[in-house]
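Below, each chain spelled out in residue letters.
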Amino acid sequence: MTTASAWPQRISAFSLSPSQFLSSTTPDGFLAELLFELRDDKASESIKILLLSLLQEYPNVLCPSYTAGEETVLELLAIFNQAPVRAVNLRCHLMLAITNVLVCASRLDDQGNAAECVLDLLFQTAQDTNDLKDGQALRPLRAVACDCLREVETSFPGLFSQRLEALYLLKQQEMTPLHQAYCVLYTLSLKNAIHLLSRGDGAPGGELKSLLAGNEGLAWKAVEKPLPPVRLSSMGQIPVLQTNADVRELRAIVSLLLEESYLLTPVAQAALLRELVEVVAMVQALSPAIFKSQLLRLCGTAEVTLMHATLLMKAAFTDSLFTTEDENFFIKRLVGMSQHPLLGSTQKLFYMDCILHFPENRPISCNGEESLPVLVTPRLAASLLPTVFNNSSTMLCRLSLLSLVYMEADEDDDRGVSYLFDHLMALHRIVDNHGTREMTVTFFRAAFTFLGYFYQSEKFTSALTARLCELYSRHCYLAPNLINLVDRTQECLGDSGWPIQLLKALQKLIVELPIPELTLQNLSWHLKVLGRVARESQVPQRSTLCFLLSVLINSSLCSAGGWRLGNAVLTVCRNLLLHPSLDQVFIELADLLQHTMLRYEDADIRDHARFYYTLLTNLSREKLSGVLTKGPDVGPTKVRSLSSVMAESDEQSSCLTVHRTRQPVLQLVKVPQSESWEAPEEGESKSLEDTEVLTAYREQFLSPGFASEVNLKCHLRHVGEVKACHHKLFSICLHFELTDANYEEVRDITVPCLFKDRKPPVVRLKLRPRQPYPTRLRASAMFTTEDGLSWYTQLQDVFVSFPDVFLPLPVEADWSRESREQLFDRIRNGTRSEDSSRSASSLFCFELGDRSLSGLVDQTFHPYLVSRDPKQECYKVLFFLPPQCHVLLNITNTEDAVHVRIATDNWKLLPYINSYLQNVTSETHINAESQVPDAITEDTSREM
């Protein structure tokens, strides 16, 4: 069982990756451990709260079935009832965990005993209004109970629709600060109850009154048919309660809730207002004017949550609640708040977004398209003009908003647009004067935003093109930014000719550069731009080829350019091979490729140039396109590309394709340790002085350069009955992927062949642990069959258990038994020293039964045996676990049981050692005690 000190590490590992953590255990097993620890009276409250956090955050992972969820809820209820009354913090977390599991992983219906028990607990806790029964100390528990009830009602709308009167009385009676929680709970339940009532067909008029006075149990039928959310953005979709009944009682309740709303926190007020807006929207007999008294306070608020709720109210009721004067005041308020000096940038961005999506009383566009509100005129928005002193996000948001304003404004002059362009040029000057990376990105985003609105204005687009070319001429490292601007503009503005205009201007700028002034660093950026230009069918390419050929002939590019520059040149050539005007530049491109394959220093570049030259001079345009065109994802070339060079046949294409098997074809079967262990060669023994043993061991085997490998032997076999074509496999490449960071990467293993009717080959996996813990390797294989086809198959995972990592003592074979025993004692004494913070001791006991201890030791520990005394029945065993961990066992037989005293220099290994010893001693284990250095008892410090 896991010790208390080990739980934080296990919980951290689980939270980091639940699926990876559960790969070494099962959800049921881990959940059982959690519940066992929660029931343990000796466990500290902090550990229990930490354990409950997993049930609060991952209820579906730990309880994958309804049955598991139901049982877990009942277990937690029992723990809650047994917890001390004054352990308020623990009981709060228990209540949260119970509710979470109930909502997420349990079946909530009237048949479930767990649901009834949980809801009774929550209601009984909430009914202690004003702390009359349990006192103020348990008030946090009541607050949690209210939150849990609200969570249940949110997850299962309408469940409390038959208890509205009880919830209303609790709200009225509560006089403490918890009045807010009761108020929000009641409002949510009221809204859901009315929504549930509005879905009934032909409901009688008196049903609303009986609903408000209900105090009968729970509406389990509401759980069976979940309520869809109410969408206030479209009045046509709001369910309406058709009733002729008197709604005075409901109106009084809503009015009272609104009057009390100012006592709540802003977040709670916003939640209450949203629910009441939906109530009034569903009950047409209630007039929206009931909110009129709250408008002045809400429109003047500085709280973002309340402003959002007010906008929701505006969208729901429009001119039924807001007059023209109210609407004008509201939009001006938003404009003022969006530039308030005391607000942060995120709040300002929120208010600007509210301006852009302001719900008007009489919107022009009703089809859902985004359009600027009519009230947002250039005069109103003049105060929002962007400046260079704004931060990037605020500046871009203002630029987008003002661009939309001036684009839709019916004005003859373009002073507003000119101001925005001047602002863009101000950013241009900052970037030109070596601005920061953030300012550079902001400038290009601003340019893209400006083009999105005014790309049809030739006056501004031509000026922008000229300025961008000037910027590039002085800072050619901005080539990626310019290319990205062109790409994004083409994606969003397909009918705009500006990207082509910019590319032509950049091409003209580059090809006219004096070659003596070119540097290899600048040339790399120019080649990126020319490679992008070469992809455009509307741009002539002859000047590009002449420029590149001139550079290759008249500069040191061929001798000093290297692979990267050569590859950039070939990228331009490759794009030109796909260009529609290839026939017009055929000679120039052939000259360029021929010069490159003859003169370029790098062999790989020469080979690729020769390949392109062969394609150019031997294939038609259609076949060139088939070879070089990439798929829609611009990923690997098409399957039939290379086959098109040789012959257009399905047989060749099939040979070049890696096929995937539907079912696993191969498997790796681990060889038992007893078969895989090889005894060392015997020779003359060498004895060392007691003082030299540990020194020699550390210098020889624990030096920084020493690296031990764990050889895991497996048989490579077929998986059962496979297809006849897979009976003979060749050139098998086994690939392994790690599932954690405890081991270094495992190299691929090649097996020459595997025949089904022959003895399976032995595969040795060389593992280099970083931490000697169990792990799991994902395995796959590629192989070739007799017909020449290549196949890919997924293998079952290879599990590396804890004993697989055991190695004998890494000493030379000629060390004598006395020297090995001296080393054992030295390492044991080192683990017992007070300055060893990672060391630990443990005692494991088991009954031997009818077996002999000598036989058990020989069968299990023989490769790791250091010394033995059959008469005294005393044995010393030492495991070496790479990279540099040791586990020492001192096994002695006493009258009542066999004692195994454990010592290790890594206390984190104790849980694995304990499990290993339980397994090898079968069902005879009776006791195991493990202690880490912070809690070593006197018994663990005795002689082994």
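Caption draft 1: Seen up close, the packing of aromatic side chains. One pass over the structure, following the stated rule, counts 29 aromatic pairs. Measuring from ring centre to ring centre gives 5.5 Å for Phe14 and Phe21, while their planes differ by 80°; the resulting arrangement is edge-to-face. Judged by relative accessible area, which is 0%, Phe14 ranks as buried. The exposure class of Phe21 is buried, given its relative accessible area of 12%.

Caption draft 2: Representation of the pattern of salt bridges. Going through the model one piece at a time under the given rule, you end up with 25 salt bridges. Across the pair Arg150 and Asp147 runs a salt bridge, and its minimum N-O distance is 3.7 Å. Of the two residues, Arg150 and Asp147 are both situated in helix 9 (residues 139-155); the distance of three residues between them amounts to about one turn of the helix. Overall, the relative accessible area of 32% leaves Arg150 in the partly exposed class.

Caption draft 3: How the structure looks around the environment of Ser261. Looking at the secondary structure, you find Ser261 in the loop between helix 14 (248-260) and helix 15 (266-282). The spacing of Ser261 and Gln180 is 81 residues in sequence and 8.8 Å in space, taken between C-alpha atoms. Ignoring anything within four residues of it in the chain, the contact list for Ser261 reads Gln269, Leu272, Gln294 and Arg297. Looking at Ser261, its side chain comes within polar contact range of the side chain of Arg297, at 3.3 Å.

Caption draft 4: Fine view of the nonpolar core. Of all hydrophobic cores here, the largest spans 215 residues; its most connected members are Leu76, Phe291 and Leu334. Not counting residues within four places of it along the chain, the set of residues in contact with Leu334 comprises Met307, Leu311, Tyr351, Cys354, Ile355 and Phe358. In terms of nonpolar packing, the next biggest core, distinct from the first, is built from 33 residues, Val665, Leu666, Cys714 and Leu734 among them.

Caption draft 5: View of helix 19 (residues 345-356). The end-to-end C-alpha distance of helix 19 is 17 Å, a good match for the 16 Å that 12 residues give at a rise of 1.5 Å each. All of the buried residues along helix 19 are Lys348, Phe350, Tyr351, Met352, Cys354, Ile355 and Leu356.

Caption draft 6: The arrangement of helix 24 (residues 458-474) in detail. Over its 17 residues, helix 24 extends 25 Å from the first C-alpha to the last, a length consistent with the 24 Å expected when each residue adds 1.5 Å. Residues of helix 24 that are buried include every one of Phe460, Thr461, Leu464, Thr465, Leu468, Cys469, Leu471 and Tyr472, and no others. Summarising the contacts, the buried residues of helix 24 are in contact with helix 22 (415-432), helix 23 (437-454), helix 25 (479-492), helix 26 (498-511) and helix 27 (520-533).

Caption draft 7: Here's a closer look at the packing of helix 4 (residues 45-57) against helix 7 (residues 88-105). It is at 9 Å that the axes of helix 4 and helix 7 come closest, and there the two elements cross at 20°. When the interaxial angle is binned, helix 4 and helix 7 end up roughly parallel. For the crossing formed where helix 4 meets helix 7, the hand is left-handed. Within the contact between the two elements, helix 4 uses Glu45, Lys48, Ile49, Leu52, Leu55, Gln56 and Glu57 and helix 7 uses Asn89, Leu90, His93, Leu94, Leu96, Ala97, Asn100 and Val101. Per-class residue counts for the contact of helix 4 with helix 7 are eight nonpolar, four polar and three charged.

Caption draft 8: Layout of the confidence of the model for the chain. Confidence in the prediction of the chain, expressed as mean pLDDT, is 84, and 86% of residues score 70 or more. The lowest-confidence element of the chain is helix 34 (residues 641-646), averaging 38 in pLDDT; the highest-confidence one is helix 26, averaging 95. Scored below 50 in pLDDT, residues 631-653 shows 22 contacts in the model against residues more than four places distant or in partner chains. Low pLDDT, under 50, characterises residues 924-944; the stretch is placed with 51 contacts to residues that sit more than four places away or in other chains.

Caption draft 9: Just the sheet that holds strand 6 (residues 762-767), in detail. In space, the three strands of this open sheet follow the order 2-3-6, with antiparallel pairing throughout. Lying at the two open borders of the sheet, with one neighbouring strand each, are strand 2 (666-670) and strand 6. The sheet shows a mean angle of 40° between the axes of neighbouring strands, taken without regard to direction. Relative to strand 3 (residues 710-718), strand 2 runs antiparallel, the two sharing five bridges. Pairing of Lys670 across the sheet is with Cys714, part of strand 3.

Rules used throughout
- Residue positions within a chain follow its written sequence, with the count starting from 1.
- Thresholds applied to this predicted model are a pLDDT of at least 70 for local features of residues and 80 or more for the giving and counting of side-chain atom pairs; totals over whole chains, interfaces and linings are not thresholded and use all residues.
- Each side-chain value is derived from all of the structure's non-hydrogen atoms; neither hydrogens nor water enter the calculation.
- Between the rings of Phe, Tyr and Trp (Trp by its six-membered ring), a pair exists once the centres lie within 6.5 Å; its type follows the angle of the planes, with under 30 degrees stacked, over 60 edge-to-face, and the other angles tilted.
- Three exposure classes are used, based on accessible area relative to the maximum for each residue type with a 1.4 Å probe and protein chains only: buried under 20%, partly exposed in between, and exposed over 50%.
- When a carboxyl oxygen of Asp or Glu lies within 4 Å of a side-chain nitrogen of Lys or Arg, that pair is called a salt bridge.
- For helices the rule is a DSSP run of H or I covering at least 4 residues; for strands it is a run of E covering at least 2, with both sets numbered from the N terminus onward.
- Contacts between residues were defined by any pair of non-hydrogen atoms, one from each residue, lying within 4.5 Å.
- In protein, a polar contact requires one atom able to donate a hydrogen and another able to accept it; more generally it is a pair of N or O atoms within 3.5 Å, and residues adjacent in sequence count only if both atoms are side-chain atoms.
- In plain words, nonpolar cores are sets of buried Ala, Val, Leu, Ile, Met, Phe, Trp, Tyr and Cys residues tied together by side-chain atoms within 4.5 Å.
- Helices are assigned an expected span. That span is 1.5 Å times one less than the residue count.
- Helix axes are fitted only over the stretch in contact, all axes being lines through C-alpha atoms; the angle between N-to-C directions runs from 0 to 180 degrees.
- Comment on the angle field: the value is read as roughly parallel under 35 degrees, roughly antiparallel over 145, roughly perpendicular from 65 to 115, and oblique elsewhere.
- Here a crossing is taken to be left-handed if its near helix is turned anticlockwise relative to the far helix by less than a right angle, and right-handed if that turn runs clockwise.
- Three classes are used: nonpolar for Ala, Val, Leu, Ile, Met, Phe, Trp, Tyr, Cys and Pro, charged for Asp, Glu, Lys and Arg, and polar for all others, with Gly counted as polar.
- Per residue, pLDDT captures the predictor's confidence, and it can take any value from 0 to 100.
- Should DSSP find at least two bridges between two strands, the strands are taken to pair.

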